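Listed here are the chains, written in short residue letters.
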Amino acid sequence: METTQEKTETLTFAKRLKYSTRTNHDSVDSLVMNSEPFANEENYIKFLRLQHIFHLSVAPLYQNADLQALFPGLADLPRLSAVESDLNDLGLKADVDASLLATPTNLYQAIGWLYCSEGSNIGAAFLYKETQKLKFDAEHGARHLAAHPEGRAPHWRKFVAQLDALSLTEEQEAQAVKGAMDAFAFYKKTLSNLNS
Ligand code: HEM
């Protein structure tokens, strides 16, 4: 019978990232939904603050030359300025206490953080729909949840292909998985802090 180890070894790198972090993802997903981000504007503002802290933390990765070499087109992807415009649309300042941020310094862990950040845009299809209840959209208040101009799926497939083309060593992959787990844990911790 196939062992779990053999099973994960036959998966592509992107699938291994998904497989290794599925419980982390699902707990973040339920924590976000439990905070009822679309129930009213006050809750949505808390969610925007959370997204802002996350995207501010990962923003330097999109400007990193080593990562840009591994992921052509990376510099065009960050959603930080869209989150800041969303805050602006709601009459809020985009200021954050720097002590709340976390940016990985290890290149391979950073790949895992990028996976987490880019992947969050596919689940965002559902979140974007929910913002309509609050009358927000791609031009006002929910810009950062809008689909990439290429569309969510083609954009995600391109990123997945870039992940799978990396050919990392076992140790580098392990660092990337750690990075993805850390990114989910950071999101979760930030969410709990903002809602406490
Ligand atoms: C209520 C909140 C969320 C919901 C409902 C949600 C939902 C989803 C859904 C439906 C998918 C597609 C799964 C698939 O195709 O198999 C997905 C993928 C993903 N989401 Fe979320 N998500 C949420 C929050 C987040 C957050 C906050 C992050 C990151 C901080 C995140 C990171 C990811 C990643 C990395 C993937 C890609 C999984 C893969 O490798 O295919 N999600 N999400």
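Reading the values: the criteria
Residues numbered from 1 in each chain as written. Predicted model: local features only at pLDDT ≥ 70, side-chain atom pairs only at ≥ 80, totals over all residues. Heavy atoms only, no water. Donors = N, O, S within 2.8 Å, 3.2 Å for Na, K, Ca; no water. Helix = DSSP H or I, 4+ residues; strand = E, 2+ residues; numbered from the N terminus. Buried < 20%, exposed > 50% of the residue type's maximum accessible area, 1.4 Å probe, protein only. Contact = heavy atoms within 4.5 Å. Phe/Tyr/Trp six-rings, centres within 6.5 Å; stacked < 30°, edge-to-face > 60°. Lys NZ or Arg CZ within 6 Å of the ring centre and 35° of its normal. Near = heavy atom within 4 Å. Polar contact = N/O pair within 3.5 Å; in protein donor to acceptor, adjacent residues only side chain to side chain. Core = buried A, V, L, I, M, F, W, Y, C linked by side-chain atoms within 4.5 Å. Salt bridge = Lys/Arg side-chain N within 4 Å of Asp/Glu carboxyl O.

Draft legend 1. Layout of the coordination of the iron atom of the ligand. A lone protein donor contacts the iron atom of the ligand, and this donor is His-25 (NE2), found at 2.1 Å. With respect to the helices, strands and loops of the structure, His-25 is situated in helix H2 (residues 13-34).

Draft legend 2. Fine view of the side chain of Gln-175. Position of Gln-175 relative to the elements: it lies in helix H8 (residues 170-195). The class for Gln-175 is buried, based on a relative accessible area of 19%. Excluding anything up to four places from it in sequence, Gln-175 contacts Asn-106, Tyr-108 and Gln-109.

Draft legend 3. Expanded view of the packing of aromatic side chains. What the rule picks out here adds up to nine aromatic pairs. Both rings, one in Trp-113 and one in Phe-186, keep their centres 5.8 Å apart while their planes meet at 45°; by these two values the pair is tilted. Of this pair, Trp-113 sits in helix H6 (residues 107-131) while Phe-186 sits in helix H8; the two residues are 73 residues apart in sequence, bridging distant segments of the chain. Judged on exposure class, the residue Trp-113 and its partner Phe-186 are both buried. Three or more aromatic residues link up through ring pairs in this structure, and these residues are Phe-38, Tyr-44, Phe-47 and Phe-136. Taking NZ or CZ as reference, Arg-22 lies 4.0 Å from the ring centre of Tyr-19, over its face.

Draft legend 4. Expanded view of the site of the ligand. Close contacts around the ligand come from 18 residues, with Lys-18, His-25, Met-33, Tyr-115 and Gly-123 the closest. Between a nitrogen atom of the ligand and a main-chain N or O atom of Gly-119, the distance comes to 3.4 Å. Looking at the shell around the ligand, the elements with two or more residues in it are H2, H6 and H8. Per-element tally for the shell around the ligand: the top contributor is H6, with eight residues.

Draft legend 5. Region of interest: the nonpolar core. Grouped together as the largest cluster of nonpolar side chains are 51 residues, with contacts concentrated most on Tyr-44, Phe-47, Phe-71, Ile-111 and Leu-163. Only H2, helix H3 (41-62), helix H5 (80-89), H6, helix H7 (152-164) and H8 provide two or more residues apiece to this core. Those residues in contact with Tyr-44 that sit more than four places away from it in its chain are Pro-37, Phe-38, Leu-90, Thr-131, Leu-134, Phe-136, Gly-141, Ala-142, His-144 and Leu-145.

Draft legend 6. Local environment of the pattern of salt bridges. Scanning the entire structure with this criterion turns up six salt bridges. In this structure, the salt-bridge partner of Asp-89 is Arg-143, at a minimum N-O distance of 2.8 Å. Taken together, the positions of Asp-89 in helix H5 and Arg-143 in the loop between H6 and H7 put the pair 54 residues apart, joining distant regions of the chain. For Glu-130, the salt bridge identified is with Lys-133, shortest N-O distance 2.8 Å. Assessed through its relative accessible area of 57%, Lys-133 is described here as exposed. In the salt-bridge network here, residues are joined through shared partners; they are Asp-86, Asp-89 and Arg-143.

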